Amino acid sequence: VQLQASGGGLVQAGGSLRLSCVASGRTFSIYAMGWFRQAPGKEREFVVGITWGGGTTRYADSVKGRFTISRDNAKNTYLQMNSLKPEDTAVYYCAASAANYVSSIHRAYDYWGQGTQVTVSS
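Residues numbered from 1 in each chain as written. Predicted model: local features only at pLDDT ≥ 70, side-chain atom pairs only at ≥ 80, totals over all residues. Heavy atoms only, no water.

(A) Representation of the packing of aromatic side chains in the model. Inspection of the entire model under this criterion finds five aromatic pairs. Through a chain of ring-to-ring contacts, the aromatic side chains of Phe 36, Phe 46, Tyr 93, Tyr 109 and Trp 112 assemble into a single cluster. In this arrangement the basic side chain of Arg 44 is found over the ring face of Tyr 93, its NZ or CZ atom lying 3.9 Å from the centre. Above the face of the Trp 112 ring, Arg 44 is positioned so that its terminal group lies 4.8 Å from the ring centre. (Phe/Tyr/Trp six-rings, centres within 6.5 Å; stacked < 30°, edge-to-face > 60°. Lys NZ or Arg CZ within 6 Å of the ring centre and 35° of its normal.)

As structure tokens, this is what we get:
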């Protein structure tokens, strides 16, 4: 499975960005997709996850009500980020898991995209 993330950029606080992740290869093995982020000097942290069919989602408390994950009928996963804050600044990674649940633990994810930078200015 290969993952390609895109959509990052520079935005002012309060603004919005939409990240995309395209999966290719043996996608039949994927149960869930997730977004993680890593800020400089910090550990990678879970942001949100969704089952491949889109029926179950899981959000980190820090993004609830501001971020929305979704999937289409193809191999695309999206992260709509609204009301962005400077503390959302990080490299965002999409990931795919073959585990049969939406995990918030990065070790549960088997495949990772290359990351896309999100910078929120104050």
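Next, the rest of the story.
(B) Structural detail: the sheet that holds strand β8 (residues 76-81). In space, the four strands of this open sheet follow the order β1-β3-β8-β7, with antiparallel pairing throughout. Of all strands in the sheet, those with a lone pairing partner are β1 (2-6) and β7 (67-71), marking the two edges. On average, each strand axis in the sheet is tilted by 15° relative to the strand beside it, whichever way the strands run. (Pairing = 2+ DSSP bridges. Helix = DSSP H or I, 4+ residues; strand = E, 2+ residues; numbered from the N terminus. Axes fitted to C-alpha atoms, helices over the stretch in contact; angles between N-to-C directions.)

(C) Main features of unusual backbone geometry. At Ser 83, a residue that is not glycine, the phi angle is positive and equals roughly 50°. Within the secondary structure, Ser 83 is located in the loop between β8 and β9 (90-97). Of the residues examined, Ser 83 reaches a relative accessible area of 40% and is grouped as partly exposed. (Buried < 20%, exposed > 50% of the residue type's maximum accessible area, 1.4 Å probe, protein only.)

(D) Fine view of the nonpolar core. Counting residues in each nonpolar core, the largest one holds 35 residues, and the members touching the most others are Leu 3, Trp 35, Val 47, Phe 67, Leu 79, Met 81 and Tyr 92. Taken together, the elements giving at least two residues each to this core come down to β1, β3 (17-24), β4 (32-38), β5 (45-51), β7, β8, β9 and β11 (116-121). The biggest single contributor to this core is β9, with five residues. In contact with Tyr 92, other than residues within four places in its own chain, are Leu 19, Trp 35, Phe 36, Arg 37, Val 47, Phe 67, Leu 79, Met 81, Gly 115, Thr 116 and Val 118. (Core = buried A, V, L, I, M, F, W, Y, C linked by side-chain atoms within 4.5 Å. Contact = heavy atoms within 4.5 Å.)

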